[in-house]
Amino acid sequence: MWIFGAIAVLANVSIAADYTIKNYNVDMELRTDGSMLVNETIDVNFSQQKHGIVRKIATKNPNNGRVTSISSPMVEWDKFQVSRENDMLKLKIWDPNATVYGDHKYQISYVVDNAIVSFGSGSWQELYWNVIGNEWTTSIDKAYFSLKLPKDYVSNGDKYYAVRGYNGERKWWVSLDHWFKIWLQLQPPVEGFVLFW
C-alpha cells in the first residue's frame, strides 16, 4: 500500500516584545489505528511579567478541507483551559493569579484521532500535520521534531523527499525507516518544512 504524507512546519516569527520561544521540540508517534500521539516541549523566555501563553492547534487540512479530531489535551504543571476557535483547538495555558518571568518550560500532549486519511478506496493514505502552527506572535529560535512510525510499518521501496523554505526552494531526499528526526532553524518572516512519503 502506498503511503503519502506531508508534515508541515510553518512559523510566524514576527517579533513580540514580551516573550520569545528559545526551543520548540515536538515528538510524534504514529499508531497502527491511524491516530498520532503528539508531545510538545516549548522553552519560553519572558522579558516581562506574563500570565502565560496560548497554543492554537490547527485542525483543518488546507489542502482538502478535512477536519481532524483532537482528544486528551494535557499540559503538565500549568493551569490551562481548552476551547474552540474557528478551525483551531485553543489551549490557554494561563494562571490569572500568577505571573511568569524569565525562562519557563511548557509541556503539552494530545492525540490526533484521525491523523491518517485514506483516498481512492484505500489505495493510498495521507498524513498532513502542521507541526508547530503559524499562530505564534513571537520569534522561534530553534525548532525540532521527530516522527516515530509503527513497528509493523514496512517500506515498499517508497522514496521520500523533504522540501524546506518559502516556496520549497530547497529539496533533499531522506531515508525513513521507523524513526525520523529533523532540526530546524526558522528564518523570518515565514519558512516551511514539508516531508512527503
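Keep in mind that what you see is a predicted model, and the values were worked out from it rather than measured. (Residues numbered from 1 in each chain as written. Predicted model: local features only at pLDDT ≥ 70, side-chain atom pairs only at ≥ 80, totals over all residues. Heavy atoms only, no water.)

Re the pattern of salt bridges
One pass over the full model with this rule turns up 8 salt bridges. Salt-bridge contacts for Asp 18 lead to Lys 50; the nearest nitrogen and oxygen are separated by 3.0 Å. Residue Asp 18 is located in the loop between strand E1 (2-10) and strand E2 (19-30), and its partner Lys 50 is located in strand E3 (residues 36-50); the two are separated by 32 residues in the primary sequence. For Lys 50, a relative accessible area of 24% translates into the label partly exposed. The shortest N-O distance in the salt bridge between Glu 85 and Lys 90 comes to 3.5 Å. Overall, Glu 85 belongs to the partly exposed group, its relative accessible area being 28%. The exposure class of Lys 90 is partly exposed, given its relative accessible area of 21%. (Salt bridge = Lys/Arg side-chain N within 4 Å of Asp/Glu carboxyl O. Helix = DSSP H or I, 4+ residues; strand = E, 2+ residues; numbered from the N terminus. Buried < 20%, exposed > 50% of the residue type's maximum accessible area, 1.4 Å probe, protein only.)

Points about the packing of aromatic side chains
What the rule picks out here adds up to 2 aromatic pairs. Measuring from centroid to centroid gives 5.8 Å for Tyr 19 and Phe 46, while their planes differ by 35°, and the two rings are tilted. Placement of the pair is Tyr 19 in strand E2 and Phe 46 in strand E3, with a sequence separation of 27 residues. Judged by relative accessible area, Phe 46 falls into the buried class, the value being 1%. Summarising the aromatic geometry, the rings of Tyr 24 and Trp 136 are spaced 5.9 Å apart at their centres and angled 80° between planes, so their arrangement reads as edge-to-face. (Phe/Tyr/Trp six-rings, centres within 6.5 Å; stacked < 30°, edge-to-face > 60°.)

Some thoughts on the sheet that holds strand E6 (residues 80-85)
Sheet strands pair via backbone hydrogen bonds, and the direction of the pair is either parallel or antiparallel. With antiparallel pairing, the 3 strands of this open sheet are ordered in space as E4-E7-E6. The open sheet terminates on both sides in strands that have one partner only, identified here as strand E4 (52-58) and E6. Averaged over all adjacent pairs, the angle separating strand axes in this sheet is 20°, with direction ignored. Alignment of E4 against strand E7 (residues 88-94), held across 7 bridges, turns out to be antiparallel. Pairing of Ala 58 across the sheet is with Met 88, part of E7. (Pairing = 2+ DSSP bridges. Axes fitted to C-alpha atoms, helices over the stretch in contact; angles between N-to-C directions.)

So, the nonpolar core
Among the nonpolar cores identified, the biggest contains 35 residues, and Tyr 24, Met 28 and Met 36 are the most heavily contacted of them. Those elements that place two or more of their residues in this core are E2, E3, E4, strand E5 (70-76), E7, strand E8 (100-112), strand E10 (124-130) and strand E11 (140-148). Counting residues per element, this core draws most heavily on E2, which supplies 6 residues. (Core = buried A, V, L, I, M, F, W, Y, C linked by side-chain atoms within 4.5 Å.)

What about unusual backbone geometry?
For Ser 72, which is not glycine, the phi torsion reads 55° and is therefore positive. Structurally, Ser 72 is set in strand E5. Of the residues examined, Ser 72 reaches a relative accessible area of 52% and is grouped as exposed. Unusually for a residue other than glycine, Asn 86 sits at a positive phi of about 55°. Along the chain, Asn 86 turns up in the loop between E6 and E7.

So, the side chain of Glu 40
You can see Glu 40 is positioned in strand E3. A polar contact is formed between the side chain of Glu 40 and the side chain of Tyr 24, at a distance of 2.9 Å. Ignoring anything within four residues of it in the chain, the contact list for Glu 40 reads Tyr 24, Asn 25, Val 26, Arg 55, Tyr 106, Gln 107, Ile 108, Tyr 110 and Val 131. (Polar contact = N/O pair within 3.5 Å; in protein donor to acceptor, adjacent residues only side chain to side chain. Contact = heavy atoms within 4.5 Å.)

Describing the environment of Gly 133
Structurally, the position occupied by Gly 133 is in the loop between E10 and E11. Sequence separation between Gly 133 and Arg 55 is 78 residues, and the spatial gap between their C-alpha atoms is 8.5 Å.

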